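The primary structure of each chain is shown beneath.
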Amino acid sequence: CFIYLFNSNLPLGKNGVPVAENFRLEQSTIADTVQAGQVRVKTLYLSVDPYMRCRMNEDTGSDYLRPWQLSEVADGGGIGVVEESKHDNLAKGDFVTSFTWPWQTAAILDGDLLQKLAPQLVDGRLSYFLGAAGITGLTALLGIREKGHVAAGANQTMVVSGAAGACGSLAGQIGRLEGCSRVVGIAGTDEKCSILVQEMGFDAAINYKKGDVAKQLRDLCPGGVDVYFDNVGGDISDTVISQMNQNSHIILCGQISQYNKDVPYPPPLPPDIEKIQKERNITRERFLVLNYMDKQEASVLQLCQWIQEGKLKVRETVVEGLANIGAAFQSMMNGGNIGKQIVSVSK
């Protein structure tokens, strides 16, 4: 099989921009025999996500993230099909997923570490289990429910940064479904902004690379901001926070603008913005979806129901072939994706 390694020849350090050459492709062999409790799988889809940038440092900054080891196979969210099984609960032909799937075209895995998938829940679109019906969708839904304090009928305005990305594009739609009366997205191209409004039901979208973002935000959110789903941090977030209302809430999902810098997580706010946060009693707490896994099953079923009903629109940017996963990761970190960035390894 082919495997994708974290490249020892290009150490990245805490400050630096990841490039495709941080990885390398090699051909390898896997064991001929499957042991008791194991399954042989063919990899179908792999996911690349912003959190993986943290795994490129020996100190990931998160106790739940293991750093990728130099010259070892990288891993992340993945989906495959069982080709041979010696596990009691898995059979040939079953579709399975794992948060620590090796970046290989084929592998022998411990069956206890795999979750069996039900393709009918997503109308057969298996890759959705890495995005809208997986950890990404759970992050958007549970982030809003646990940290957003959204209440139907409360006339709340939500702003989403990184709004055309995997999580942001779902968060805006879920904010509306949960009861927000106005949803405004912030993205980096006119195409992304158009998709947010015309396809995903956002009321408006701001291209942060054009014009005065603060003025556009004031015009589009005349009553201020009640809920901010923050995927990016940095200057964009400072601008949003300065227009948030008393007793409003920040859902601290990600800080992609800060991931290539040596700063703590969550990054501290500038003094003037921190003053606003404290004076207006704005909540800004770290959110980690893994802390809410007791709500996983019911939440996934809710997401799948919305997908089937057409209430949750899903976008994917798909790159073909394991050899291109490094380039896909680099592109995603630079905002090259709309919706979830997926690598299709085999059909």
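This section reports on the structure supplied with the text. A quick note: this is a predicted structure, and the numbers were derived from the prediction, not measured.

### Digging into the nonpolar core
Proteins that are soluble and globular tend to have nonpolar side chains buried together.
Then, in step 1: Counting 48 residues, the largest nonpolar core has Ile144, Ile174 and Phe229 as its most contacted members.
Then, in step 2: Of all the elements in the fold, those that place two or more residues in this core are strand S4 (75-85), helix H1 (135-148), strand S8 (157-161), helix H2 (166-178), strand S9 (182-187), helix H3 (190-198), strand S11 (225-230) and helix H7 (296-308).
Then, in step 3: For this core, the two domains that each supply at least three residues are domain 1 (2-131 + 315-344) and domain 2 (135-290).
Then, in step 4: The residues touching Ile144, leaving out its near neighbours within four places in the chain, are His149, Val150, Met158, Ala171, Ile174, Gly175, Glu178, Phe229 and Ile251.
Then, in step 5: By size, the runner-up hydrophobic cluster in this structure holds 24 residues, among which are Val41, Val48, Met52 and Trp101.

### Points about the sheet that holds S8
Then, in step 1: Taken in spatial order, the six strands line up as S10-S9-S8-S11-S12-S13 in an open sheet, and their pairing is parallel. Both edges of this open sheet fall to strand S10 (204-207) and strand S13 (283-286), since each of them pairs with a single strand only. For this sheet, the mean inter-axis angle between neighbouring strands, taken without regard to orientation, is 20 degrees.
Then, in step 2: Bridge analysis of S8 against S11 gives three bridges, and the strand direction is parallel. Bridging across to S11, Met158 finds its partner in Val227.

### Here's the deal with the pairing of strand S12 (residues 244-252)
Then, in step 1: Where S11 and S12 come together, five bridges link them in parallel fashion. Looking at the pairing, Asp230 lines up with Leu252 of S12.
Then, in step 2: As a crossover connection, the stretch from S11 through helix H5 (residues 234-241) into S12 is right-handed.
Then, in step 3: Where S12 and S13 come together, four bridges link them in parallel fashion. Residue pairing across strands places His249 opposite Thr283, the latter belonging to S13.

### Here we look at H3
Then, in step 1: Along H3, the residues classified as buried are Lys192, Cys193, Ile195 and Leu196. With its buried residues spanning 160 degrees around the axis, H3 presents them on a single face. Across H3 from its buried face, at more than 90 degrees, point the exposed residues Glu191 and Gln198.
Then, in step 2: Along its buried surface, H3 packs onto S9 and S10.

About the cut-offs
- Residue numbers here run from 1 along each chain, matching the order of that chain's written sequence.
- Only residues with pLDDT of at least 70 are given local features in this predicted model, and only at 80 or more are side-chain atom pairs given and counted; all residues enter the totals for whole chains, interfaces and linings.
- No hydrogens and no water enter the side-chain calculation; it runs on all heavy atoms of the structure.
- Among buried residues, those of type Ala, Val, Leu, Ile, Met, Phe, Trp, Tyr and Cys that are joined through side-chain atoms within 4.5 Å constitute a nonpolar core.
- For every residue, the accessible area obtained with a 1.4 Å probe (protein chains only) is divided by the maximum for its type, and the residue is called buried under 20%, exposed over 50%, and partly exposed between those limits.
- Going along the chain from the N terminus, every DSSP run of H or I of four or more residues is numbered as a helix, and every run of E of two or more is numbered as a strand.
- Start and end positions for the domains come from either an automated domain assignment or a database one.
- We call two residues contacting when some pair of their heavy atoms lies within 4.5 Å.
- Only when DSSP finds a minimum of two bridges between them are two strands counted as paired.
- To define axes, lines are fitted to C-alpha atoms, for helices over the stretch in contact only, and angles between the resulting N-to-C directions are given on a 0 to 180 degree scale.
- For a crossover, the right-handed case is the one in which the path from the first strand over the helix to the second runs clockwise, viewed with the strands pointing away from the viewer.
- Here the arc refers to the directions that run from the helix axis out to each C-beta atom.

Interpretation in functional terms is not warranted from these geometric data alone.
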